[in-house]
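# Descriptive structure summary
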Amino acid sequence: MADDAPRAPGLASAGTFRDRLRGCFAAAFQSLASDGIVAIDAAEIPTLLEQVRETADAKFGDYSGTMAMGLAKKAGKKPRDLAIEIARHLADAPGYAEAFAPPGDPVGPGFINVRIRDEALGAAVSAAFRDERLGVPGVAEPDTIVIDFSSPNVAKPMHVGHIRSTVIGDAIARILGFRGHHTITDNHLGDWGTQFGMILWGWKRFGDEAAFAADPTGELGRIYRTVRKLADGKPEEIAADPSIAELAAKYPDAGREVLLETARLHEGDADNRALWERFMPACLGDIERLYERLDVRFDHTLGESFFQPFLAGVVDDLEAKGLARESRGAIGVFLDGDDKPPFLVRKADGAFLYATTDLATIRWRLEHWKPDRILYVVDHRQGQHFDQLFETAKRWGIDGVDLVHVAFGTVLGDDGKPFKTRAGDTVGLESLLNEGVERAAAVVAADEGLSLEERRRVAETVGIGAIKYADLCQNRTTDYVFSYDKMLQLTGNTAAYMQYAVARVEGVLEKGGIDRGALRNTATPIVLADPKERALALEIARFGEVLEDVEADYRPNVLTAWLFDVAGCYSAFYDALPILKAPEPERSSRLALCDLTGRVLRKGLELLGIGTVRKM
Ligand code: ARG
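On a predicted model such as this, the values are computed, not experimentally measured, just so you know.

## Some remarks on the site of the ligand
- Lining the immediate surroundings of the ligand are Asp148, Ser151, Asn153, His188, Tyr354, Asp358, Tyr376, Val378, Gln382 and Phe386.
- Separating a nitrogen atom of the ligand from a side-chain N or O atom of Asn153 is a distance of 2.8 Å.
- One of the side-chain N or O atoms of Asp358 is found 2.8 Å from a nitrogen atom in the ligand.
- For the ligand, whose free accessible area comes to 350 Å², the fraction covered by protein is 87%.
- Elements with a contribution of two residues or more to the shell around the ligand: helix H16 (354-369) and strand S9 (373-379).
- Here the shell around the ligand is composed, by residue class, of four nonpolar, four polar and two charged.

Encoded structure:
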């Protein structure tokens, strides 16, 4: 077959092995069709190519194509017989023989198993070893992607619930950016809602100037907690605390008055505006400190307040287009017919809602950033809000942008209920991080060779890494149980284990006095003679595929699972084979593999927002 045979669209010739193999399968489908064996529509090909995946068990080869079972009926053949035909055409596909061993006989009902040729795998990891990007190809067509994440309501202290959006959103942004997309991160702060009304109302009644001067967020937090109980608290909650009960008796109408303060702020009342401007820096300062500690940065922090000037226009426009209409004084978009509750954009008292701001925000982002996608990394409990938001946006004429709710589950305590302190309060993010670091200090304090200052830094990196990793390694849509003990274990799928693996890999190079720059400049190719070397190289060569899979479903846990596999393969390699004591050329080849493993693990952790240490 000629080398210029048509390729499936979008498949570059020198991508990952999986891309290359999929390109070969695509060519095979075309020749199967032209030979009259089975008719395959071009439109069908992407779905069929998704059925080319890595095998679960190495004894079946490296990749497996499972489409014969689904296609057999249409071909009028037994799956196995069709698989034989596919395999025959696959072997003839351009580029196949350079990279892959001839496919053997299909196994089972018709699995086409493929193994990368050892020389091709060796060449790929040798190239990765010399490559800044570690052999990870960039996407062919970069998208502009807005990632809306963290986005806390700022007048209250950040708590454990905020960790997920912050950590998952940051990892996704890092990964998409490394893949070559143009990412725009935006912290959509809740800086304009009812929680500010609570603070304004409380401050005017029992604010303490001296306390605010000494510890602004402490004082605002106190006010917030008090007013929240007064305004929203259950009767037994109020009765349980004498100081609250006393205030409740004094201010029986707190709930309504709080809403009035919020409305006054929104209407531009000078006093409330001045207080808001005074409180905001304190709120932001606190949050900023946490982001710094978490090593999370945003390109933009356009909070809800930023979009206030546009809200009336959004409602007018929705009305003018006949999408929104009045209902009992309020204005809403009736998405599911007249008898179902509408998506409210203005309340009867004239106040705009969370939804109104989100609509204005979409329009603003489209106008200014022209994104191909907007990702909202937000708690799954807001699922209905986003369903309605996206549907309204579509009817409003917003198209050409993919709006995605990247939802996540709840952080639970040992008791299986949402994670709380013993006293029943939500756990503040700051104290959560402090405790993680403290406990990490106890685990990593063992290394005598570290100074006190170094130990402190190691504990910070390990403690915060543990908390992040414990979150990221979960399937994001499920709830998970928060456990310091588990997350700080030195074995198992934890940050500490991964950080330890990096330190161990690099320890070998250090022990041998190896100059890594010089090592990369020598011409030694990586040779995969031993199965353990091959297994490690194969994992490393999959880095690009793994990141593609993370993007496909916005799941960082695909990356953590792979890092764990890489570390496992490294252990097996390290335990079985001599490195520094090996004769040449194995010694150089294995040292190169060590260097590459260390860089790959470090990069993987970096993409998760997790730091590494030299010693621990
Ligand atoms: N501030 C909201 C909350 O804490 C989350 C905002 C998410 N982003 C958005 N565009 N709605 O629940």
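## Observations concerning helix H13 (residues 254-267)
- Between its first and last C-alpha atoms H13 spans 20 Å; for 14 residues at 1.5 Å apiece the expected length is 20 Å, and the two agree.
- Buried within H13 we find Ala254, Val258, Glu261, Thr262 and Leu265. Down the axis of H13, the buried set is contained in an arc of 100°. They therefore lie on one face.
- Looking one or two residues beyond H13, the residue adopting positive phi is Gly268, at roughly 95°.

## Details of the pattern of salt bridges
- Per the counting criterion, the structure on display carries 54 salt bridges.
- In this structure, the salt-bridge partner of Arg293 is Glu430, at a minimum N-O distance of 4.0 Å. Remark: Glu430 occurs in helix H18 (residues 429-444) and Arg293 occurs in helix H14 (residues 270-294); sequence separation between them is 137 residues.
- Exposure remark for Arg293: the relative accessible area of 23% places this residue in the partly exposed category.
- Asp595 is the partner of Arg520 in a salt bridge, and the nearest nitrogen-oxygen pair spans 3.1 Å. Of the two residues, Arg520 sits in helix H22 (residues 516-521) while Asp595 sits in helix H26 (residues 586-607), which places them 75 residues apart along the sequence.
- For Arg520, a relative accessible area of 27% translates into the label partly exposed.

## Re H16
- Helix length check: H16 (16 residues) gives 22 Å between terminal C-alpha atoms against 22 Å at 1.5 Å per residue, within 8%.
- For H16, every residue scored as buried is listed here: Ala355, Thr356, Thr357, Asp358, Leu359, Ala360, Thr361, Ile362, Trp364, Arg365 and Trp369.
- Positive backbone phi, approximately 45°, marks Lys370, located one or two places after H16.

## Describing the pairing of strand S6 (residues 324-327)
- As defined by bridge partners, S6 adjoins strand S7 (residues 330-333) across four bridges and the pair is classed as antiparallel. When the sheet's bridge partners are listed, Glu326 is paired in S7 with Ile331.
- A loop of two residues connects S6 with S7, the two strands running antiparallel in sequence, and Arg328 in this loop sits at a positive phi of about 50°.

## What to know about the sheet that holds S6
- Strand order in the open sheet made by the three strands is S6-S7-S8, with antiparallel pairing throughout. The open sheet is flanked by S6 and strand S8 (343-346), the only strands paired with a single partner. Ignoring strand direction, the axes of neighbouring strands in this sheet form an average angle of 40°.
- For S7 and S8, the ladder comprises three bridges, and the chain directions are antiparallel. By the bridge assignment for S8, Ile331 is matched with Arg346.

## Quick look at the packing of helix H25 (residues 557-576) against H26
- Axis separation between H25 and H26 bottoms out at 10 Å; the angle between their running directions is 160°. Taken together, the axis directions place H25 and H26 in an arrangement best described as roughly antiparallel. Once H25 is placed against H26, the crossing between them reads as left-handed. Every residue of H26 that contacts H25 at Leu559, Trp562, Leu563, Val566, Ala567, Tyr570 and Phe573 is listed here: Arg590, Leu593, Cys594, Thr597, Val600, Leu601, Gly604, Leu605 and Leu607.
- Across the contact of H25 with H26, the residue classes tally to 13 nonpolar, two polar and one charged.

## Side note on the nonpolar core
- Among the nonpolar cores identified, the biggest contains 163 residues, and Phe25, Phe29, Leu432 and Leu559 are the most heavily contacted of them.
- The residues touching Leu432, leaving out its near neighbours within four places in the chain, are Val160, Ile163, Phe419, Val427, Ile467, Phe482 and Tyr484.
- Ranked by size, the runner-up nonpolar core spans 32 residues in total, among them Leu335, Leu359, Trp396 and Ile398.

What counts and how
Residues numbered from 1 in each chain as written. Predicted model: local features only at pLDDT ≥ 70, side-chain atom pairs only at ≥ 80, totals over all residues. Heavy atoms only, no water. Near = heavy atom within 4 Å. Polar contact = N/O pair within 3.5 Å; in protein donor to acceptor, adjacent residues only side chain to side chain. Areas by Shrake-Rupley, 256 points an atom, 1.4 Å probe, with all protein chains shown as cover. Helix = DSSP H or I, 4+ residues; strand = E, 2+ residues; numbered from the N terminus. Nonpolar A, V, L, I, M, F, W, Y, C, P; charged D, E, K, R; others polar. Expected span 1.5 Å × (residues − 1). Buried < 20%, exposed > 50% of the residue type's maximum accessible area, 1.4 Å probe, protein only. Arc of directions from axis to C-beta. Salt bridge = Lys/Arg side-chain N within 4 Å of Asp/Glu carboxyl O. Pairing = 2+ DSSP bridges. Axes fitted to C-alpha atoms, helices over the stretch in contact; angles between N-to-C directions. Parallel < 35°, antiparallel > 145°, perpendicular 65-115°, else oblique. Left-handed = near helix turned anticlockwise from the far one by under 90°. Contact = heavy atoms within 4.5 Å. Core = buried A, V, L, I, M, F, W, Y, C linked by side-chain atoms within 4.5 Å.

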